[in-house]
Amino acid sequence: MPFEFENLGMGIILIKPKVFPDKRGFFLEVFKSEDFTKMRIPNVIQTNMSFSRKGVVRGLHYQRTPKEQGKIIFVPKGRILDVAVDVRKSSPTFGKYVKAELNEENHYMLWIPPGFAHGFQALEDSIVIYFITHNEYSPPHERCISYSYIDWPIKEVIISDKDLQCPSLEKAEVFD
Ligand SMILES: Cc1cn([C@H]2C[C@H](O)[C@@H](COP(=O)(O)OP(=O)(O)O[C@H]3O[C@@H](C)C(=O)[C@@H](O)[C@H]3O)O2)c(=O)[nH]c1=O
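Residues numbered from 1 in each chain as written. Predicted model: local features only at pLDDT ≥ 70, side-chain atom pairs only at ≥ 80, totals over all residues. Heavy atoms only, no water.

### Regarding the overall build of the protein
For the record, the criterion: Strands here mean DSSP runs of E at least two residues long; helices mean DSSP runs of H or I at least four residues long; both are numbered from the N terminus. Every radius of gyration here is taken over C-alpha atoms, with the globule rule written as 2.2 Å times N^0.38, N being the number of residues. For each residue, the accessible area found with a 1.4 Å probe, counting protein chains only, is set against the maximum for its type, and the residue is called buried under 20%, exposed over 50%, and partly exposed in between. In what follows, residue pairs with any heavy atoms lying within 4.5 Å of each other are defined as contacts.
Within the protein, the regular secondary structure consists of 2 helices and 13 strands. Here the C-alpha atoms of the protein give a radius of gyration of 16 Å, agreeing with the 16 Å that 2.2 N^0.38 yields for 176 residues. Seen through its principal axes, the protein has C-alpha atoms that stretch 50 × 35 × 25 Å. Relative to its full complement of 176 residues, the protein shows a buried share of 46%. Long-range pairs, those at least 24 residues apart, make up 79% of the contacts in the protein between residues at least 6 apart in sequence.

### Remarks on the sheet that holds strand S8 (residues 79-86)
Just so we agree on the cut-off: When DSSP finds at least two bridges between two strands, those strands are taken to pair. Comment: axis = line fitted to C-alpha atoms, over the contacting stretch for helices; angle = value between 0 and 180 degrees taken between N-to-C directions.
Taken in spatial order, the 5 strands of this open sheet run S9-S8-S11-S6-S13, and their pairing is antiparallel. Each end of this open sheet is capped by a strand with a single partner; those strands are strand S9 (97-103) and strand S13 (142-144). Strand-to-strand twist across the sheet, computed as the mean angle between neighbouring axes with direction ignored, equals 25°. Sheet topology places S8 next to strand S11 (residues 116-122); 7 bridges connect them, and they run antiparallel. Bridge pairing in S11 links Asp-82 to Phe-120.

### What to know about the nonpolar core
What counts, and what does not: What is meant by a nonpolar core is a set of buried Ala, Val, Leu, Ile, Met, Phe, Trp, Tyr and Cys residues, joined one to another through side-chain atoms within 4.5 Å.
By size, the foremost hydrophobic cluster in this structure holds 17 residues, and its most contacted members are Leu-60, Tyr-62, Val-85, Val-87 and Ile-145. Every element with two or more residues in this core is listed here: strand S6 (57-63) and S8. Residues contacting Ile-145, with those up to four places away along its chain left out, are Gly-59, Leu-60, Tyr-62, Val-85, Val-87, Ala-117, Cys-166, Pro-167, Ser-168, Leu-169 and Ala-172. Listed in part, the 14 residues of the second largest apolar core include Leu-14, Val-75, Leu-110 and Ile-112.

### Some details on the sheet that holds strand S12 (residues 126-133)
On the basis of which strands lie adjacent, the open sheet formed by 6 strands has the order S1-S2-S10-S7-S12-S5 and antiparallel pairing. Strand pairing shows two members of the sheet lacking a second neighbour, strand S1 (3-9) and strand S5 (44-52), which therefore form its edges. Shown here is a sheet whose adjacent strand axes are inclined to one another by a mean of 20°, direction ignored. Examined bridge by bridge, S5 and S12 share 8 bridges and lie antiparallel to one another. Paired with Met-49 across the two strands is Ile-129, which belongs to S12.

Worth remembering: the numbers are spatial, not functional.
Have a look at this one:
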């Protein structure tokens, strides 16, 4: 199997692709439908890319039902701290979160199922590609919780005006 899947709990999976280095550089598979389906990761319906300067925080974002999204996060260039917070009110792990460093050297990816708020901090200038499952982008269903829920490693945070308006977890419209 060209991937190792490490269960981080709460349904979140760290995906470690098999890397084939040679004198030219390296090759790896990023997504493979059959292997991912076995891990209950559905097919991808949208792919996004963003570039973030060192210190940028994007998050913590989710889309509510019926437009919920799963996400596979991948960092082809740079280094990020990626975070997923459980925002399912009825979940025994509500409010708990998982953190993982994804970077251009480990090539790790993170599978975040629907029901989690997602965000990251760029630890250096970074490109993030993420694959979306379940539902496409739907602005009316976008919700967020304040980035300050997480103690980010770089204290001088660069953040969008939109993300500065996000409510606390207690006040947010979360999943049932
Ligand atoms: C997310 C998204 C944004 N956009 C547009 C809207 C806006 O004009 C511009 C920038 O959008 P945002 O400021 O929301 O981008 P950003 O803050 O990078 O939003 C992303 O953050 C990370 C943490 C996630 O988990 C993603 O799901 C997404 O919410 O891009 C799309 O056209 N399609 C999309 O799927």
